[in-house]
Amino acid sequence: MKWLEELRSHIEIVGKKTYLDNAGAGPLTKDAADAVRDFLDLWQSEGEPWELALDHIVEAKKYFARLINAQSWQNIAAVSGATHGLNSLLSAMEFKPGSNVVVSSLNFPTGIFSFHALKSRGLIREVRVAKSINGYVPLSEYERLIDDNTALVFVDYVSWITGYRERIREIAEIAHSRGAFLITDAFHAVGVLPIDVKRDGVDALITGTYKWLLGPHGAGFVYVGDELMSKLKPAFSGWMGIEDNQVSRRLRNEKLFERPIDTSTFKHAKDASMLEWGTWPIIAFEGALASMKLLTTYEVPWRFEDYTKGLVEKLADSIGELGLKVTTPLDSHAAIITFEYRDPYGLAEFLGRNKVVVSPRPGTIRVSPHAYNTIEEIEKLLYLVRRYIKSS
Ligand SMILES: Cc1ncc(COP(=O)(O)O)c(C=O)c1O
């Protein structure tokens, strides 16, 4: 496959290792590393490239909006990561007295602690946790927990722990029928799965860029749909969160500091930049933008979804034949597969010594290929797992 070879030529690590831990952190692309270096060189030799930075923040939002089929790039906020994005969004939401929030036990912990923090400040009354069985949460559990006092439902698009791909559209329908918003953490989906926030009824989405988007740490996005946006009232702000911020001056072709910034009134931005408080981590966004440009040349993720599913399914069949239990629900999965192993660290360290990278997790091994991985790499992993099992 020509596209596969081409994509691999942008990822240096593939010449050194079989890298199958994209759910931990994706490898940095050459494009991302070069873009960061170029920006730093420019800064070092010419002074801070501020206007270029403003343009790149807007461009990054445009690329991201396309990846999730958002209404507009103005529905996107540029933040420093998934956790920051979630907390920035929550701090702008108002909760009716007695509200509850429904989260999934399959969520990454960050998306549960934020709600405990809201509860401990008395801003919501209850955090309800939808329980998983056999690696997924049945829809009936959401039906049971979401009621007229539910302010929002927060569910990871793909679970970090079992690789389950949530039935986001169905959960959004249940949430909406009871007046609640649906917010999703799509960190394990964006860049490898086609996401359509409009089709799925997603009210807000958060992600970082250092997994399937193959960017560096320190950049992330929040998508906010129009209805939720109209209800936000930021509790915190700053010079990027107001209507007359640097980006809007730049888009109007104004000289950025010709007029004073009026501090006698407060008009928060009407778009998602109301969730941005100050200067963005621009160096990280340089890298994230370069990787998004690379990924979108392959019509990712429309092409990548089936390809990575094929890798995961091949692995699932062979792992089953080895007598190990696959813990990923295979009727709804993405590019993550997990299987039980009594000594995950022992196996992962053996694989690491043989230049294959996977993640050990409590009682399981997580393997997370991306579109640049090959079937030969999956076969190498299987060969080593067989060898390890025989020798231990
Ligand atoms: C699904 C998910 N959300 C959020 C996070 C945390 O992201 P950050 O620490 O960049 O905010 C992770 C980290 O692995 C994750 O897997």
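Before reading further, recall that the structure is shown in the block above.
Residues numbered from 1 in each chain as written. Predicted model: local features only at pLDDT ≥ 70, side-chain atom pairs only at ≥ 80, totals over all residues.

## A closer look at the overall build of the chain
We apply this condition: We count a stretch as a helix when DSSP gives it H or I for four or more residues in a row; a strand needs E for two or more, and each element gets its number in order from the N terminus. Atoms counted for the radius of gyration: C-alpha only. Globule rule: 2.2 Å times the number of residues to the power 0.38. Here the C-beta atoms are placed from the backbone, and a residue counts as buried if at least 20 other C-beta atoms lie within 10 Å of its own, exposed if 12 or fewer do, and partly exposed otherwise. A pair of residues counts as a contact when their C-beta atoms, built from backbone coordinates, are within 7 Å of each other.
Across its full length, the chain carries 14 helices and twelve strands. For 392 residues, the compact-globule formula gives about 21 Å, and the C-alpha radius of gyration of the chain, at 22 Å, lands near that figure. For the chain, the spread of C-alpha atoms along the three principal axes comes to 75 × 55 × 30 Å. In the chain, which comprises 392 residues, the proportion classed as buried is 49%. Across the chain, every contact between residues at least 6 apart in sequence was considered, and the portion connecting residues at least 24 apart equals 73%.

## Considerations on the site of the ligand
Defined as follows: Using the backbone to place each C-beta atom, any residue with that atom within 6 Å of a molecule or strand is considered near it. Residue polarity follows a fixed list, in which Ala, Val, Leu, Ile, Met, Phe, Trp, Tyr, Cys and Pro are nonpolar, Asp, Glu, Lys and Arg are charged, and the others, Gly among them, are polar.
The environment of the ligand is made up of Gly81, Ala82, Thr83, Phe108, Thr110, Asp156, Trp160, Asp185, Phe187, His188 and Gly208. Residue composition of the shell around the ligand, grouped by class: four nonpolar, five polar and two charged.

## A closer look at helix 2 (residues 30-46)
What counts here: To estimate the expected span of a helix, subtract one from its residue number and multiply by 1.5 Å. Read the arc as the range of directions from the helix axis to the C-beta atoms.
An ideal rise of 1.5 Å per residue puts 24 Å on 17 residues; helix 2 measures up with 23 Å between its terminal C-alpha atoms. Here helix 2 has its buried residues at Asp31, Ala32, Ala35, Val36 and Phe39. Mapping the buried residues of helix 2 onto a view down its axis gives an arc of 135 degrees, with all of them on the same face. Within helix 2, the exposed residues directed more than 90 degrees away from the buried face are Arg37, Leu40, Asp41, Gln44 and Ser45. Tucked inside the fold, the buried residues of helix 2 contact helix 11 (282-297). Where helix 2 terminates, the next one or two residues include Gly47, which has phi positive at roughly 100 degrees.

## Thoughts on the nonpolar core
Our working definition: The term nonpolar core refers to a group of buried residues, namely Ala, Val, Leu, Ile, Met, Phe, Trp, Tyr and Cys, whose C-beta atoms join them within 7 Å. Domain ranges listed in this record stem from an automatic or a database domain assignment.
Among the nonpolar cores identified, the biggest contains 123 residues, and Ile68, Leu89, Val153, Ala204, Val222, Tyr223 and Phe285 are the most heavily contacted of them. Broken down by element, the residue count for this core peaks at nine residues, all from helix 11. Two domains each donate at least three residues to this core, and these are domain 1 (2-28 + 300-391) and domain 2 (33-296). Ignoring sequence-local partners within four residues, the contact set of Val222 consists of Ala77, Val79, Gly85, Ser88, Leu89, Ala204, Ile206, Ala272 and Leu275.

## Considerations on the sheet that holds strand 8 (residues 220-224)
In sheet architecture, strand pairing relies on hydrogen bonds along the backbone and comes in two forms, parallel and antiparallel. Basically, it comes down to this: DSSP bridges decide pairing: two strands pair if at least two such bridges lie between them. Comment: axis = line fitted to C-alpha atoms, over the contacting stretch for helices; angle = value between 0 and 180 degrees taken between N-to-C directions.
Here we have seven strands laid out as an open sheet, ordered 2-8-7-6-5-3-4, and mixed in their pairing. What marks the edges here is a single partner per strand, and that holds for strand 2 (76-79) and strand 4 (126-130). Along the sheet, successive strands turn relative to each other by an average axial angle of 20 degrees, direction set aside. Its contacts with the sheet put helix 3 (residues 50-68) on strand 2, strand 7 (204-208) and strand 8, and the angle it makes with strand 2 is roughly 120 degrees.

## What to know about the environment of Asp203
Structurally, Asp203 is set in the loop between helix 8 (197-200) and strand 7. What makes Asp203 buried here is the crowd of 24 C-beta atoms within 10 Å. Considering only alpha carbons, one finds Asp203 and Val357, 154 residues apart in sequence, at a separation of 35 Å. Discounting chain neighbours no more than four positions away, the residues touching Asp203 are Phe181, Leu182, Ile183, Gly225, Glu227 and Leu228.

## Here we look at the packing of helix 4 (residues 82-91) against helix 5 (residues 110-120)
Applicable threshold: Relative orientations are named as follows: roughly parallel for angles under 35 degrees, roughly antiparallel for angles over 145 degrees, roughly perpendicular for angles from 65 to 115 degrees, and oblique for any other angle. Left-handed describes a crossing in which the near helix is turned anticlockwise from the far one by less than a right angle; the clockwise case is right-handed.
For the pair helix 4 and helix 5, the least separation of the axes is 10 Å and the interaxial angle reads 30 degrees. Here helix 4 is positioned roughly parallel relative to helix 5, judged by the angle of their axes. Between helix 4 and helix 5 the crossing geometry is right-handed. Residues Ala82, Thr83, Leu86, Asn87 and Leu90 of helix 4 pack against Thr110, Gly111, Ser114 and Leu118 of helix 5. Among the residues making up the contact of helix 4 with helix 5, the classes are represented as four nonpolar, five polar and no charged.

## Notes on the pairing of strand 5 (residues 150-156)
The cut-off we apply is this: If you view a crossover with the strands going away from you and the path from the first strand over the helix to the second runs clockwise, you call it right-handed.
For strand 5, a buried count of seven out of seven residues is recorded, marking the element as mostly surrounded by other parts of the structure. As paired strands, strand 3 (residues 100-104) and strand 5 are joined by four bridges and run parallel to one another. Bridge assignment links Val102 to a residue of strand 5, and that residue is Val153. The pairing of strand 5 with strand 6 (residues 181-185) spans five bridges and is classified as parallel. Paired with Leu152 across the bridge in strand 6 is Phe181. With respect to chirality, the unit in which strand 5 leads through helix 7 (residues 168-177) into the neighbouring parallel strand 6 is right-handed.

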